[in-house]
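So the chains spell out like this:
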Number of protein chains: 2
Amino acid sequence: MSAKGQPVTLGEVAKAAGVSIATASRAINGSTRRVSEDIRKRVQETADRLGYLPNLSAQAVAKGASSTVAVVVSDIADPFFSAIAAGVMRGANEAGLVVTLAAADHTPQNELDIVRTFRSQRPRAIILSGSRSVADPNQALLDEQLEAFASTGGKVVLISQSPSPFDVVELANREGARELARVLVERGGQRFGIVTGPQRLMTNRDRVAGFREGLEESGTSLETDAVVEAEFSRDGGYTGLRTLLSRVPEVDTIFATSDVMAIGAMTALRDLGKTPGKDISIAGFDDIDTARDVTPTLTTVVAPLADMGYRAVKLAIDPDAARDPQVLKVNTSVIVRESTPVRERASA
Amino acid sequence: MSAKGQPVTLGEVAKAAGVSIATASRAINGSTRRVSEDIRKRVQETADRLGYLPNLSAQAVAKGASSTVAVVVSDIADPFFSAIAAGVMRGANEAGLVVTLAAADHTPQNELDIVRTFRSQRPRAIILSGSRSVADPNQALLDEQLEAFASTGGKVVLISQSPSPFDVVELANREGARELARVLVERGGQRFGIVTGPQRLMTNRDRVAGFREGLEESGTSLETDAVVEAEFSRDGGYTGLRTLLSRVPEVDTIFATSDVMAIGAMTALRDLGKTPGKDISIAGFDDIDTARDVTPTLTTVVAPLADMGYRAVKLAIDPDAARDPQVLKVNTSVIVRESTPVRERASA
DNA sequence: CTGTTAGCGCGTTCAA
DNA sequence: TTGAACGCGCTAACAG
């Protein structure tokens, strides 16, 4: 039983059941189920008995279509992406699809290599999560790959920003940040600062721009020095905050363009002897799980990350494949927690 | 260019280059590279020009071996598993392998289904992360599947507990917890409590047992009521802590069997009006990223999660496949942070 | 070194 | 309804 051997093939099942391979195929997979019930039963039984499992690769070759969806993330250990991945996996599972995953590690070149490898797998769809970059020299090559993939019947879904020739699940970054700014002004914020990830990423651009708009609509503005760019990570939030405070020590409210950065910034604040949520208000974006477990709990913009991944799959397997590219806008909402208490206004 | 079409096949490349398919195959893949340099170059060029990408499924069928590693996790959104997955992906990437991922959602039945699906993919290896359960009725069926997979040339690596008929990457749960207990006693802990995940999971068993040992070796003991079992999650930590404190209000030091639980427990403490790291010490296990960002920063046992995933892949692609099952023990270390200050001993 | 032939495991025509 | 034959894209054995 446990001697080295080869997997059971459909042919062996067929022979053991005394039918042809074609019949066995129909009985087990039954694309158009036209096989007598007793035969079907007999074949199924011998298949079970022999422990037959269809060879997905062979099926893919024969059918010319696989049952795989390929997903690119920047970093699976980042809660932002792991939440998206969780949603994708749920959706894929419901659809009987297999998920293959690769991490681009924030490097456009890797992203390109990954997409090439993915194309070799002939997946049904490729889902790209992660922000688009502006003026990325690799972008053209990447688009070319995706275009080619799409032109051979593959589906491309971006969890990113429109406009795009492909389907896009797009988070309302700008609107979310704008609403957040309004809320923070309402709560008494007067001197604002921003710690943001690289501005070449559209996500950061939009969040900063939206926040700015929100401030202006509320009659407040942002000093030039009050926007600090750093790595789009926890450590970036840490260093970014230090830079910000050294430049503009009198800020009372800080917006970090992601929760991950905000959490790093909060730690930095404490290391500077200040108490986040008391000395200085701070808010993030995304509402990752950890946001409610840090102290103070973090005010943020809720992004339904898992849901976005789930919807991306749904878009990908949409039967109406010939339709025009679709943009699925995902709305956000602001959730106020302890990190942004109501501040008393300094008397004018 | 962007009209619907089929992917370029090796045959088309061969024809365009004026060589046979076999030659084209050798030129591009070159298992045993014995093809004249100029031909190789010409074929490669036409392949690039045509945008040819090998069909991995077809290769897998022809070779009888795929270039895929399949990974089972409980929940990819859990930082414990996403860290492991990150390591796996890095290792797979280095080896030119594709990673397929599935989430069992803490359900043994799902795990079984996933392994079956994975077997259909004929991956080179299946990596199972997540603790083994004791007395799991599905365990036999699962082992049967894995056994069958292994007997047909597949490699199985468990990130779990020995003993096992397969390769195992095993974290020193017991030893780590034991050392943690010693450290906590040294720092003045006297009345201990434990919030643990389900005891059917070996991970929790080992961590609790190890902690107990460490206490006993330090001349301390644990009251019966002081061990509370709850869900192995953030929320489990939250509810578990409340139960614990209602049963044994006078505990001064708490061990949660994972950082995720510890973080939930800390939040629960605060909701009860107590300050973690002051009124009550608390420590976790795993050292997930968040451990250093909560307040107070969390004392814990460092588990090199990403490294474990990485090593699991290395084991899986070990050329010496015929060797006996191997156990790779992974050591831990205790890192003391703010959540467990030195406590003054109550005078005896 | 190259081309021809025979598979790999499976789906799907086409007759029977 | 069933089976024989062919094809999917590719690799590997065998000749030349």
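These figures come from a predicted structure and were not determined experimentally. (Residues numbered from 1 in each chain as written. Chains lettered and ligands numbered in written order. Predicted model: local features only at pLDDT ≥ 70, side-chain atom pairs only at ≥ 80, totals over all residues. Heavy atoms only, no water.)

S.K.: Hey, could you run me through the packing of helix α6 (residues 108-121) of chain B against helix α7 (residues 137-151) of chain B in this one?
M.R.: The description of two helices packed together rests on the angle between their axes and the distance between the axes. Residue and element names in this part refer to chain B. It is at 10 Å that the axes of α6 and α7 come closest, and there the two elements cross at 15°. Here α6 lies roughly parallel to α7, going by the angle between them. At the point where α6 passes α7, the crossing takes the left-handed sense. Packed against α6, whose contacting residues are Pro-108, Gln-109, Glu-111, Leu-112, Val-115, Arg-116 and Arg-119, the element α7 presents Asn-138, Leu-141, Leu-142, Gln-145, Leu-146, Ala-148 and Phe-149 at the interface. In terms of residue class, the contact of α6 with α7 is made up of eight nonpolar, three polar and three charged. (Axes fitted to C-alpha atoms, helices over the stretch in contact; angles between N-to-C directions. Helix = DSSP H or I, 4+ residues; strand = E, 2+ residues; numbered from the N terminus. Parallel < 35°, antiparallel > 145°, perpendicular 65-115°, else oblique. Left-handed = near helix turned anticlockwise from the far one by under 90°. Contact = heavy atoms within 4.5 Å. Nonpolar A, V, L, I, M, F, W, Y, C, P; charged D, E, K, R; others polar.)

S.K.: Help me out: how do you make sense of the packing of helix α5 (residues 79-94) of chain B against helix α12 (residues 305-316) of chain B in this one?
M.R.: All names here are of chain B. Contact geometry of α5 with α12 gives a least axis separation of 6 Å together with a crossing angle of 40°. As summarised for this structure, α5 and α12 are arranged oblique, according to the angle between their axes. With respect to the hand of their crossing, α5 and α12 are arranged in right-handed fashion. Every residue of α12 that contacts α5 at Phe-80, Ala-83, Ile-84, Gly-87, Val-88, Arg-90, Gly-91, Ala-92 and Glu-94 is listed here: Leu-305, Ala-306, Gly-309, Tyr-310, Val-313 and Lys-314. Of the residues contributing to the contact of α5 with α12, the split by class is nine nonpolar, three polar and three charged.

S.K.: What is the right way to look at the interface of chain B and chain A in this model?
M.R.: One frequently used descriptor of interface size is the decrease in accessible area upon assembly of the parts. On the chain A side, the residues contacting the 50 residues of chain B number 50 residues. Taken as a group, B:Leu53, B:Arg122 and B:Asp293 account for 15% of the area that chain B buries against chain A, more than any other trio of residues on that side. Applying the counting rule to chain B against chain A returns four salt bridges. Of the charged contacts in the structure, one is a salt bridge between B:Arg234 and A:Asp293, with a shortest N-O distance of 2.8 Å. Inspection of the region where chain B meets chain A yields 18 residue pairs in polar contact (both at pLDDT 80 or more). Elements represented by at least two residues in the side of chain B that touches chain A include exactly α4 (56-63), α5, β2 (98-103), α6, α7, α10 (234-247) and α11 (259-271) of chain B. A total of six residues in the side of chain B that touches chain A trace back to one element, the largest contributor, which is β2(B). Class assignment for the residues of the side of chain B that touches chain A results in 23 nonpolar, 18 polar and nine charged. (Buried area = accessible area lost by both parts, 1.4 Å probe. Salt bridge = Lys/Arg side-chain N within 4 Å of Asp/Glu carboxyl O. Polar contact = N/O pair within 3.5 Å; in protein donor to acceptor, adjacent residues only side chain to side chain.)

S.K.: Mind showing me how you'd approach the sheet that holds strand β1 (residues 68-73) of chain B here?
M.R.: Backbone-to-backbone hydrogen bonds pair the strands of a sheet. The strands run either parallel or antiparallel. If you trace the 12 strands from one edge of the open sheet to the other, you get β11(A)-β5(A)-β4(A)-β3(A)-β1(A)-β2(A)-β2(B)-β1(B)-β3(B)-β4(B)-β5(B)-β11(B), paired in mixed fashion. Because the sheet does not close on itself, it has two edges, and the strands there are β11 (327-330) of chain A together with β11 (327-330) of chain B. Adjacent strand axes in the sheet meet at a mean angle of 20° when their direction is disregarded. Relative to strand β5 (residues 167-171) of chain A, strand β4 (residues 155-159) of chain A is paired through three bridges, and the arrangement is parallel. Bridged to A:Ile159 within β5(A) is A:Val169. (Pairing = 2+ DSSP bridges.)

S.K.: Explain the protein's contact with DNA strand D to me, please; I cannot follow it from the model alone.
M.R.: Neighbouring DNA strand D are 26 residues, the closest being A:Thr23, A:Arg26, B:Leu10, B:Ser25 and B:Tyr52. Between DNA strand D and B:Leu10 there is a distance of 2.3 Å, counted from a phosphate oxygen to a backbone nitrogen or oxygen. Here a phosphate oxygen of DNA strand D and a side-chain polar atom of B:Gln59 are 2.9 Å apart. Counting residues per element, the ones that place at least two in the surface near DNA strand D are α2 (21-28) and α4 (56-63) of chain A together with α2 (21-28) and α4 of chain B. In terms of residue class, the surface near DNA strand D is built from 13 nonpolar, nine polar and four charged. (Near = heavy atom within 4 Å.)

S.K.: So what exactly am I meant to see when it comes to the pairing of strand β6 (residues 192-196) of chain B here?
M.R.: It is a general feature of regular strands that their side chains alternate between the two faces of the sheet. Residues and elements named next belong to chain B. Within β6, five of the five residues are buried, which leaves the element mostly enclosed by the surrounding structure. Burial along β6 is two-sided: the residues Phe-192, Ile-194 and Thr-196 and Gly-193 and Val-195 are all buried. In the sheet, β6 pairs with strand β8 (residues 253-256) via four bridges, with the strands oriented parallel. Within β8, the residue paired with Ile-194 across the bridge is Phe-255. As paired strands, β6 and strand β7 (residues 227-229) are joined by three bridges and run parallel to one another. Looking across to β7, one finds that Thr-196 is bridged to Glu-229. Crossover handedness for the path β6 to helix α9 (residues 202-217) to β7: right-handed. (Buried < 20%, exposed > 50% of the residue type's maximum accessible area, 1.4 Å probe, protein only. Right-handed = clockwise from strand over helix to strand, strands pointing away.)

S.K.: Just to check I follow, could you spell out the side chain of B:Ser82 for this structure?
M.R.: Following the sequence through the fold, B:Ser82 ends up in helix α5. Looking at B:Ser82, its side chain comes within polar contact range of the main-chain oxygen of B:Pro79, at 3.4 Å. Beyond its immediate stretch of four places on either side in the chain, B:Ser82 contacts A:Ile76, A:Ala77, A:Ser82 and B:Ile76.

S.K.: Looking at this structure, how should I read empty space enclosed by the protein?
M.R.: Leftover empty space is mapped by rolling, across the atoms, a probe with the size of a water molecule. Residue and element names in this part refer to chain B. One pass over the structure, following the stated rule, counts one cavity of 30 Å³ or more. Its boundaries defined by the atoms lining it, the largest cavity holds a volume of some 30 Å³. Lining of the largest cavity is provided by Leu-184, Arg-187, Gly-188, Gly-189, Thr-253, Ser-281, Thr-340, Pro-341 and Arg-343. A per-class count over the lining of the largest cavity returns two nonpolar, five polar and two charged. (1 Å grid on protein atoms, 1.4 Å probe; cavity = no way out; pocket = protein on both sides within 12 Å on 5 of 7 lines; lining within 4 Å. Points joined across faces, edges and corners; volume = space filled by probe spheres on them.)

S.K.: Just checking my understanding: could you explain the domain arrangement of chain A for this structure?
M.R.: Residues and elements named next belong to chain A. Domain boundaries in chain A define domain 1 (10-63), domain 2 (68-171 + 305-332) and domain 3 (173-302). A separation of 28 Å is found between the C-alpha centroids of domain 2 and domain 3. For the pair domain 2 and domain 3, the summed buried area comes to about 1200 Å², and 54% of that belongs to carbon and sulfur atoms. On the domain 2 side of the contact with domain 3, Val-134, Leu-171 and Thr-332 bury the most area, a combined 40% of that side's loss. Its salt-bridge partner being Lys-329, residue Glu-175 comes within 3.5 Å of it at the nearest N-O pair. At the boundary of domain 2 with domain 3, the tally comes to seven residue pairs in polar contact (both at pLDDT 80 or more). (Domains from an automatic or database assignment.)

S.K.: Whenever I open this one, the protein's contact with DNA strand C confuses me. Can you help?
M.R.: In the vicinity of DNA strand C there are 27 residues, among which A:Leu10, A:Ser25, A:Tyr52, B:Thr23 and B:Arg26 approach most closely. The protein-proximal atoms of DNA strand C, defined as those within 4 Å of the protein, are 65% sugar or phosphate. At 2.6 Å from a base nitrogen of DNA strand C is found a side-chain nitrogen or oxygen belonging to B:Arg26. Taking B:Ser36, its main chain carries an N or O atom lying 2.7 Å from a phosphate oxygen of DNA strand C. Of all the secondary-structure elements, those providing two or more residues to the surface near DNA strand C are α2 and α4 of chain A together with α2 and α4 of chain B. Sort the elements by how many residues they give to the surface near DNA strand C and α4(A) lands first, with five residues. Its residues assigned to classes, the surface near DNA strand C comprises 13 nonpolar, nine polar and five charged.

S.K.: What's the story with the relation of the copies chain B and chain A in this structure? I'm lost.
M.R.: Two copies of the chain are present, and they differ by a rotation about an axis and a shift along that axis. Note on the identical chains: chain B maps onto chain A by a rotation of 180° and an axial translation of 0.0 Å, with an RMSD of 0.1 Å. The symmetry that links the two subunits is that of a two-fold axis. Closest approach to the rotation axis within chain B is made by the C-alpha atom of B:Thr100, at a distance of 2.0 Å. Looking at chain B, 100% of its interface residues are interface residues in chain A too, so the copies touch through the same face. (Least-squares fit on C-alpha atoms with pLDDT ≥ 70 in both.)

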